[in-house]
Structure formats: C-alpha cells, structure tokens
Amino acid sequence: MNYLSAENISKNYNERWLFKGINFGILKGDKVALVGQNGTGKTTLMNILAGIIPADEGTVSIRKGISVGYLFQNPAFDENLSVMDTLFSGESPANQAIKAYEKSLLHPEDMEQMSEALEMMDKYQAWDYESRVKQILGKLGIHDFDRKISALSGGQRKRVAMAKVLIEEPDFMIFDEPTNHLDLETIEWLEQTLSAQNITLLLVTHDRYFLDRVCNNIVELDNGSIYTYKGNYSYFLEKKAEREASEAASIDKAKNTLRTELEWMRRQPKARGTKAQYRIDAFHELKEKASQTKDDSKVQLNVKMTRQGSKILEIDDLCKSFGTQKVVDHFSYIFQRGDRVGIIGKNGIGKSTFLNMLTQNLKPDSGKITTGETVVYGYYTQGDLDFKPEDRVIDVIKEIAEVVTVGTGETISASQFLTHFKFDPKVQYGMVEKLSGGEKRRLQLMKVLIKNPNFLILDEPTNDLDIQTLNILEDFLMAFGGCLMLVSHDRYFMDKLVEHLFVFEGNGVIRDFPGNYTDYRDWADSPEAIAAGATQAEEIKKSSANNLSTTVSKTQEPVNQPVKKKLSFKEQKEYDDLGKAIEQLEAKKEGLTEQLNGGGSYEDLANWAKEIEAITNELDEKELRWLELSENM
C-alpha cells in the first residue's frame, strides 16, 4: 500500500534549484531516512512532503484516510497552555473521544449521545490516555506536566512535540532530527519504539547507529537529485561509492565521445545533404552529460594547536549544588596530555554545569580547579547560535582574526579559512540568517577552532551536522594532539573518539569509567552493575529519608560513591603493552648474550656488547614505568 508519492518535485531558492524533477514513494511499513549534505534542501523537501510549503513544480500525494504526524525542527505551541493541556488539545481520535465523553457528561439525559461517546472511548482506547501521555512524557524527560510552554527550553519543546506525535500514533510519521536534544538513554528507548513493525516513518537524522537499527530504506538528496537504496546505512555507504564511481566513469566517457561528435557537428554537410536530426539531438544530450560537474570539495579541518605544557587541568574535591540538588559531589581528577573523555548522563543532571565550572564561567560551591598556564580552551556550546542575523558570514570570522594559522604553520586569510570549511565566496558575503541549521553549526565550530585551542570541550557538536562533515570532524579529532572533552548523544561519534567516560549517575556522583560508550552499556547491562545500581538507589533513598542532605565532609567518602579504577583506559593499555615489550626485549637480550659468549670477530663482539647495553637501558626505563603503573592497580 502506497502511503506517499512525490512526482516531479522541484524547488527554487534564492535563484538556485535546490532540487528538480525528483520522484519517490513510501509504502506502508517503510522506514525511510533522508540523508544529504547541509544546504542541499532536506528540511525544505520534508516541509513540501508534509504540505507545509508548496513545491514550485510537481505534486505530492498522501493516501486518503491515513493520519500523518510531523515533528518540526522548531515546533510552535500556544505559549499560555501547560504541557498536559497542549497534549490534550490535539485533534487525534483519542482526544476527540475524550471531548465527546466530557460533553456527554453535561447532558446525562441524552442516552444516545452518552452511548456514542462510550463507544468512541472504547474504540480509541481513550480510558488510559492520560496515563499513556504521562508515561511517554516521562520517557522523554518531561516530568512537570503543569509547566507552561513559555517556560520550556527549545529542547524541551521539541520533546513535547515528539510526545504529541507518539501519543497520537498516526499511520505515517515524519521526523526532522528526532535525536537532537535527547540523552542517550532516551534515544535508545526511541530507537526501540520506532523499530516496531507497524510504524511507517520518514526521518532526517545524522545518528548512524539510529539509521542502521531503525531504517530499512535510505533516500539520498545529492546535487538536486534523489537516489534510493533498499537497505540500512551500511548498505547505503557501499552502494553510494559504487554509484559515484560509475557516474565519474560515465562522464569521462561522455567527454571523450564529445570530441568526436564535436568535429562531426563542425563539418559542413555535402551538397544536397543534411545532418541527421537524431544525431544532432544525441549530440546535445551528450554535451549536457559531459558538462556535468560534481562538487567533491570537503570541509578541511586543519588548524594549529597551541603548545601544551606539562600541567593541564586539576580538579580537587569539587562540589556544586542548586538548593538541595547535588550536581557534583567531591569530585577530583588530574588531566594528562592527550586525555580523551566522554561525558554522559540524563538531561538536566548537570553536565553543562560541570563544563561551565571547568571553563571558569561558573563558580563551584567548594573545591578547587587549577588550570595550566599554557591551556587554551576551545569551548563549543549546545546553546543558541551566537550570531547577529544581519552579519555577513565573513564578518563573523574577521571579528576574531583576519589571518589564521593552520596546522602546517602557514597563514591564510579569513576568506581562505572559510573556503576550507566549504563556504564558497558567494556564501561568505551573504547574510548568516540565510544559512541552513547545519551551516550555522559549522560556522560556530570555526569560531572555536580559529583560536588554536589545545583543550577542546565540545558540548553536543553533532547536532544538525551532515554525516560527511561528521566523518571529517571525527578524523580531525582523532588526530588532535590536545585534550578532548566530549558531550554527545551520538553513540557512534562517542565510541570512535573517547577512551574513558565521566558518567553522571545522579546525586552528585560522577563515575570515571575506563572505555567508550558501548563498553559502558555492556557493563551497565551486566548483573553486577544492576545489583550495584540497586544498592546505590537504596542508599540514596535512605540518605534522603534521614534528612542527610548536608555536604559530606572531605574525610568521609559518600556511601554511594563508586569504587574508581585507578588506571585509566589509556594507562591500562600502556601497562599491557609494556609487559609484552619487556618480554620481547629480554628474549632479544638473552639471544645476544648467547652470541657474545659463543665468541666471534672483534667487530661483532663490540657491536653485540653495545646493543646489549642499549637494550639494558631501555629495559630499565620500561620496567620502572611498568612498576609505577602496577602500584596503582
């Protein structure tokens, strides 16, 4: 059964065709991901499909009789309504049944009206509607049901909008970046919910794990055309590479053939002869194909890192509370060169507060944060983009620096730097307000990197970035030699980049876990972790019941503080590698000693003795470090 058909859809924006003459359809049960680079028109196409804006050409047909739920990037609500009233104000069948039932209660003498209302309540399972609303809101992290919409943040509004779609259970759901502003636990719940067999779905997302686990079709918007792939994200990557190679070969062949045809076109026809019209038409088609150009330019992340000293950042017995709510409770950590830390925890648990204390934007209640003299922070925040709508793109960069030093030591102009980040000259002198959401995020990232930081703090950097830019950002961060702290709901991104985690567990507890996010999830699902979590929850409950909300003294370890592993993930790997290296060196030394004892030429004996001395010195150095690490195990 066909739910949606798009035929010859075209849209022109700022005298440029975003896409032209595209066709595709969605069948019942399809779970389709729309992917493409920032600025290609994904959100515009979604709005056309949902009937929010018209196409310049073509038609969109949605099957008659099916209901459609659409999740906007920036949902709009009545600001004066509460969260609960907003969800009960919709036009879903369950809401209509509830309204009919409430109306019938005002006229109990009208038995026919009452009977119809009761039948509707049963049909649409509206009796438990309120409990389902509260359950889904709770899963999405909204617990204050009476709070006004006007008091919610942008992320909270989007979660309310998502709850509205999920509660109404439409036949066809259209989601634009559903994982933005959700914590990891909620994303995994949403993943399971949308994987249900009876859901038909079209979404835009950059979350690669989400794509792989939820979607069975990928639709790519590329260079104004649509390409459909029947499979998950991994299959899409394989077939996309094959398509691009085939297209490149086809264009090269057309260019070679065009030379021959061009000579034929230039020749004058013989007397009483004419050129064949079919060949003339074929020539023009060939010329159009040979003139095709593909924008293969990529964002280039290449900036110089400021030199980093031996002292980086030391956190000593840090505490922070808001009223009776503990955010950080007696936390200590000493950063080493090259530390790569991921930060995870539920929304509102204090992750951004912690980062703001580290960067001196917020004072702790107690404890000490000591920053090394050579540390240069690059802090990418998840808040509103700090741009004036009337600013030109190039002026945003020039306000910070006219000239930029890149990783090679060369200096380039602000315009060249923008070109590295795939802002062409025409866009550079345009207004910031005309950029797409992803392009604005890319510009914000430029503002961070232009300062040549050696300690990067990235708070949700993946929101609104296209997958190609994400891959390039990952490669840059993999090669980045400074310290990295990363808050992200993108599990693939986190797995690839971090070596250990700060897990915010609530009540001020921060667990230092050695490993990436997948390692942590595997551990958290183990029986030992579940038992430990239950014990911790019981201790917190007892603590609250006994009114022990005062700060725990420095000499007393909180009862719910987890036992921390003293070796980081990186140090544990170093310890294991050292053991293997020592064994190999000792075997090599033993072999050389046997050769030396067996005799030989004077020159050979001298070389073997010198090599044994060098191995002995290296062994002493490695054994000393091995012993140092073993003491902390």
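Under an unreviewed UniProt entry, the name given to the protein chain is ATP-binding cassette subfamily F protein uup, and the source organism is Arcicella aurantiaca. Note on the protein chain: under the UniProt heading Sequence similarities (unreviewed entry), the record states "Belongs to the ABC transporter superfamily. ABCF family. Translational throttle EttA subfamily."

Novice: Provide a residue-level description of the pattern of salt bridges, including the pertinent values.
Specialist: Tallied over the entire structure, the rule returns 23 salt bridges. A salt bridge links lysine 164 to glutamate 168; its shortest N-O distance comes to 3.0 Å. Taken as a pair, lysine 164 and glutamate 168 lie in helix H6 (residues 154–168) at a separation of four residues, close to a single helical turn. Residue arginine 208 pairs with glutamate 474 through a salt bridge whose shortest N-O separation is 2.6 Å. Here glutamate 474 lies in helix H16 (residues 467–479) and arginine 208 lies in helix H8 (residues 208–214), a separation of 266 residues in the sequence. Take arginine 208 and glutamate 474: they sit in the same class, and that class is buried. Each of Glu191, Asp207, Arg213 and Arg491 takes part in salt bridges that share partners, so that together they form one network.

Novice: Can you explain unusual backbone geometry? Please cite residues and give values.
Specialist: For glutamate 177, which is not glycine, the phi torsion reads 50° and is therefore positive. Note that glutamate 177 resides in the loop between strand S6 (172–176) and helix H7 (184–194). Notably, asparagine 223 is not glycine yet its phi reads approximately 55°, a positive angle. With relative accessibility at 56%, the residue asparagine 223 sits in the exposed group.

Novice: I'd like to hear about a negative patch on the surface, residue by residue, with values.
Specialist: Together, Glu109, Asp110, Glu112, Glu116, Glu119 and Asp122 give the surface a local cluster of negative charge. Here glutamate 109 lies in the loop between helix H3 (93–105) and helix H4 (111–123). By relative accessible area, which is 59% here, glutamate 109 ends up exposed.

Novice: Got a sec to walk through the sheet that holds strand S3 (residues 31–35)? Specific residues and values, please.
Specialist: Here six strands make up an open sheet; going across it, the order is S5-S6-S7-S3-S8-S9 and the pairing mixed. Where the open sheet ends on each side, the last strands, each with one partner, are strand S5 (68–71) and strand S9 (225–229). Averaged over all adjacent pairs, the angle separating strand axes in this sheet is 15°, with direction ignored. Both S3 and strand S8 (residues 217–222) contribute to a ladder of four bridges, which runs parallel. Across the sheet, residue valine 32 finds its bridge partner in S8, namely asparagine 217.

Novice: Can you break down the environment of arginine 243 residue by residue, with the values?
Specialist: By the secondary structure assignment, arginine 243 is in helix H9 (residues 233–266). Between the C-alpha atoms of arginine 243 and tyrosine 227, which are 16 residues apart in sequence, the distance is 9.5 Å. Not counting chain neighbours up to four residues away, the residues in contact with arginine 243 comprise Glu220, Asp222, Tyr227 and Tyr229. Within polar-contact distance, the side chain of arginine 243 engages the side chain of aspartate 222 at 3.5 Å.

Novice: Quick one: what's the story with the packing of helix H5 (residues 129–139) against H6, residue by residue and with numbers?
Specialist: Two numbers describe how H5 lies on H6: the axes approach to 10 Å, and their chain directions differ by 140°. Classified by the interaxial angle, the pair formed by H5 and H6 is oblique. Judged by the sense of rotation from one axis to the other, the crossing of H5 with H6 is right-handed. Here Tyr129, Arg132, Val133, Ile136 and Leu137 of H5 lie close against H6, whose contacting residues are Ala163, Leu166 and Ile167.

Calculation criteria
- Residues numbered from 1 in each chain as written.
- Predicted model: local features only at pLDDT ≥ 70, side-chain atom pairs only at ≥ 80, totals over all residues.
- Heavy atoms only, no water.
- UniProt positions renumbered as here; feature names shortened; annotations may be inferred.
- Salt bridge = Lys/Arg side-chain N within 4 Å of Asp/Glu carboxyl O.
- Helix = DSSP H or I, 4+ residues; strand = E, 2+ residues; numbered from the N terminus.
- Buried < 20%, exposed > 50% of the residue type's maximum accessible area, 1.4 Å probe, protein only.
- Patch = residues over 30% accessible without salt bridge, like charges linked within 9 Å, V, L, I, M, F, W, Y side chains within 5 Å.
- Areas by Shrake-Rupley, 256 points an atom, 1.4 Å probe, with all protein chains shown as cover.
- Lys, Arg positive; Asp, Glu negative; His and termini not counted.
- Charge placed at Lys NZ, Arg CZ, Asp CG, Glu CD.
- Pairing = 2+ DSSP bridges.
- Axes fitted to C-alpha atoms, helices over the stretch in contact; angles between N-to-C directions.
- Contact = heavy atoms within 4.5 Å.
- Polar contact = N/O pair within 3.5 Å; in protein donor to acceptor, adjacent residues only side chain to side chain.
- Parallel < 35°, antiparallel > 145°, perpendicular 65-115°, else oblique.
- Left-handed = near helix turned anticlockwise from the far one by under 90°.

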